[in-house]
Amino acid sequence: MSEINSLSDITSNGLCIGCGICESIVGKENIKISMTEKGRLEPQEISPLSDENFDKIKKVCPGVIVEGLPKNEINQDSKFDLIWGYYHSLFYSWSTDTKIRFQSSTGGLLNGLSLYLLESNIVDFILHTGTDPLKPMRSISKYSYDKNELLSSGSCSRYGPTSPLDRFHEALNLNQPFAFVGKPCDISAIRQLSKIDEKVNKFCKYLLTLVCGGFGEFTKSQEFIESFNVKEKELEIFRYRGNGNPGKMYIKTDSGKEYDKDYNSFWGEESTWRVPFRCKICPDAIGESADIAALDTWPGGSPKGEDEGFNAAIARTQKGLELLNSAVDSGYIKKGDNLSIDEINDFQPHQVKKKKAVFARHCGMKKNDLPTIKTRGLRIKKLYDMNDKKFNINEEEGIIKRVDKI
Ligand SMILES: Cc1cc2nc3c(=O)[nH]c(=O)nc-3n(C[C@H](O)[C@H](O)[C@H](O)COP(=O)(O)OP(=O)(O)OC[C@H]3O[C@@H](n4cnc5c(N)ncnc54)[C@H](O)[C@@H]3O)c2cc1C
Ligand code: SF4
Ligand code: SF4
């Protein structure tokens, strides 16, 4: 069965990442995203989808299709790398606001750019992801209209299931300019939607993303609190990182008990990450179609300790570069040294490996008669052809072994 003919073909084959755009397209009365027993956010059909609605979903769902940067965003100044795609510039950067820099995931580049967009009236609000104030182990999509809303919402890396696009059409229908901040798979869904809905480019002015190694299923967070004998309903604060770089995984209960764990010891061995299957076959985890992608800059790919927070920024579009430059000129963002592709490779070895491996993983799925993601403009076949044959075989066989965990 290699065709996708229904929503359950997407979810049952491990292609769904829970982005929420399908719910946003057809409304909560038709599709509801909810937490599954396995600890994933997945859509459920409340009433049977019409062919027309399912067709719209198939055109945008990041479990069905993912493409690179639109051609009209590439110009004569664009640089290109086979792994990292198109970009205009690469440099260190972080928020000049010490509170934002401290609270945010790395150096607060994304929150700092969001603040600049709001305070210079370029957009009216930011659509992004924050902590659910009532259930802090869970995340919600949210609109932030000012600095207070941006900073009081737990808006830093949420390494659990999220549906950042569940209110995307509601945001479009406000008819106000806004910016979206989310993961590369979320950005992909928006780019696809922009092909069939002209309101997207009219109102969603910027697409900002983070380079993304995937997240842990909800059961990973549950195990974390249970290891301290804490129940979800007792939680007052649940933070994955931030308050330093990377900051600790931290919880506080309503009776004031506090527990934490170092970033490295929480993530530990890759086999314990419990990353959704969709992340393992992700053809674009580096935000190829965003205006700007932000990333961590730890040599070798993992933190050796705490630091003040130094993001790297990849400006992918002319518009993204202009935004970064004007945020720097206006004093919101500090620009550090320029970076080379070799340095970015050193900061993100897992991304380099995944980009090379992903086509073989898709081949493994096809050989197992499973549907996989259609891709265009992401160079994954070209990279596959350049790989060592043994590497490709290992990746293909490796994904077949994981299929039973979907
Ligand atoms: C799932 C996940 C995987 C990651 N993998 C990598 C990686 O492989 N390499 C790497 O360098 N960095 C990774 N990061 C972290 C990344 O370092 C930082 O988020 C990035 O550098 C931006 O830092 P910042 O300080 O500018 O972010 P901030 O200023 O803290 O802004 C973060 C923004 O991301 C949004 N956000 C947070 N979590 C989510 C989510 N789950 N879904 C959608 N939007 C979200 C927030 O709403 C906020 O707008 C990952 C983060 C996440 C959430
Ligand atoms: S990936 Fe997004 S659009 Fe696709 S089925 Fe899952 S929630 Fe819906
Ligand atoms: S790895 Fe890919 S699919 Fe998984 S959350 Fe990140 S961008 Fe989305």
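Each value, and the rule that gives it
Residues numbered from 1 in each chain as written. Chains lettered and ligands numbered in written order. Predicted model: local features only at pLDDT ≥ 70, side-chain atom pairs only at ≥ 80, totals over all residues. Pairing = 2+ DSSP bridges. Helix = DSSP H or I, 4+ residues; strand = E, 2+ residues; numbered from the N terminus. Axes fitted to C-alpha atoms, helices over the stretch in contact; angles between N-to-C directions. Contact = placed C-beta atoms within 7 Å.

### Details of the sheet that holds strand β9 (residues 178-182)
Within a sheet, neighbouring strands are paired by backbone hydrogen bonds and run either parallel or antiparallel to one another.
Point 1. Pairing is mixed across the open sheet formed by eight strands, whose spatial order is β8-β7-β9-β10-β14-β15-β6-β16. If you trace the sheet from one side to the other, it starts and ends with β8 (139-144) and β16 (333-338), each paired once. Strand after strand, the sheet turns through a mean of 30 degrees between neighbouring axes, direction not considered.
Point 2. Sheet topology places strand β6 (residues 89-95) next to β16; four bridges connect them, and they run antiparallel. The residue of β16 that forms the bridge with S93 is K335.
Point 3. On the sheet, helix α5 (residues 109-119) packs against β6, β7 (125-131), β9, β10 (204-210), β14 (292-295), β15 (311-315) and β16 and is oriented at approximately 80 degrees with respect to β6.
Point 4. Packed onto the sheet, helix α8 (residues 184-194) meets β9 and β10 and runs at close to 155 degrees relative to β10.

### Comments concerning the sheet that holds strand β11 (residues 235-239)
Point 1. In spatial order, the strands read β11-β12-β13; together these three strands make up an open sheet with antiparallel pairing. The two strands at the open ends of the sheet, each matched to only one other strand, are β11 and β13 (258-261). Here the strands of the sheet are splayed against their neighbours by 10 degrees on average, with no regard to which way each runs.
Point 2. Sheet topology note: the strand β12 (residues 249-253)/β13 ladder contains four bridges and is antiparallel.

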